[in-house]
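# Topology and contacts: notes
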Amino acid sequence: MRGIYFLDTSYILALEIKNEEAHQKVLQNWATLIKFKPFLITTTYIFEKVITFFNGRNLHYKAVEVRKWLLESPEIELIEIERTLFNQGWEYFQNVLSPAY
């Protein structure tokens, strides 16, 4: 069975930005991870943050490249965050996650 992994903003940025402090470590992790053909998930919030990050730094070409990868890869599921899911996540955060999380 393939593993399921969540792609967060910092991981995607570290994977894409060569001069990012964590780039080499994340790149090594990615090289190992993709050998197992994982199922990757991320959210529309993460998608928007990453695209805005690149576009806001005049890296429109990178925003388009990452957008294409996130939206067209069959191994990545983009979960749309609508108000109900947002509220459920907020309730979980308030009631279940400890400050140490």
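Residues numbered from 1 in each chain as written. Predicted model: local features only at pLDDT ≥ 70, side-chain atom pairs only at ≥ 80, totals over all residues. Heavy atoms only, no water.

We now examine a nonpolar patch on the surface. Residues Y45, F86, W90 and F93 make up a contiguous nonpolar surface patch of about 420 Å² in total accessible area. Sort the elements by how many residues they give to the nonpolar patch and helix α5 (residues 83–95) lands first, with three residues. By the element assignment, F93 lies in helix α5. What makes F93 partly exposed here is its relative accessible area of 47%. (Patch = residues over 30% accessible without salt bridge, like charges linked within 9 Å, V, L, I, M, F, W, Y side chains within 5 Å. Areas by Shrake-Rupley, 256 points an atom, 1.4 Å probe, with all protein chains shown as cover. Salt bridge = Lys/Arg side-chain N within 4 Å of Asp/Glu carboxyl O. Helix = DSSP H or I, 4+ residues; strand = E, 2+ residues; numbered from the N terminus. Buried < 20%, exposed > 50% of the residue type's maximum accessible area, 1.4 Å probe, protein only.)

Once that is clear, we can look at the packing of aromatic side chains. Under the criterion given, the structure shown has five aromatic pairs. On the basis of an interplanar angle of 80 degrees and a centroid distance of 5.8 Å, the ring pair of W30 and W69 is categorised as edge-to-face. With W30 in helix α2 (residues 23–34) and W69 in helix α4 (residues 60–72), this residue pair connects regions lying 39 residues apart in the sequence. For W30, a relative accessible area of 16% translates into the label buried. On the basis of relative accessibility, which here comes to 25%, the residue W69 falls in the partly exposed class. A ring pair is formed by Y45 and F86, whose centres lie 6.2 Å apart and whose planes are at 65 degrees; its orientation type is edge-to-face. Taken together, the residues span a long stretch of sequence, with Y45 in helix α3 (residues 44–55) and F86 in helix α5 at a distance of 41 residues. Taking relative accessible area as the criterion, Y45 reaches 38% and is therefore assigned partly exposed. Ring-pair connections join several aromatic residues into one group, and the members of that group are Y11, W30 and W69. (Phe/Tyr/Trp six-rings, centres within 6.5 Å; stacked < 30°, edge-to-face > 60°.)

Attention shifts here to the confidence of the model for the protein. Regions with low pLDDT should not have their predicted coordinates read in detail. Model confidence for the protein is summarised by a mean pLDDT of 90, while 94% of its residues fall at 70 or above. Element-level mean pLDDT values for the protein span from 87 in α5 up to 95 in helix α1 (residues 9–16). (pLDDT = per-residue confidence, 0-100.)

The phi angle at K37 is positive, at roughly 45 degrees, despite the residue not being glycine. Looking at the element boundaries, K37 is found in the loop between α2 and β2 (39–43). Here the phi dihedral of N58 falls at roughly 60 degrees; this positive angle occurs in a residue that is not glycine. With respect to the helices and strands, N58 occurs in the loop between α3 and α4.

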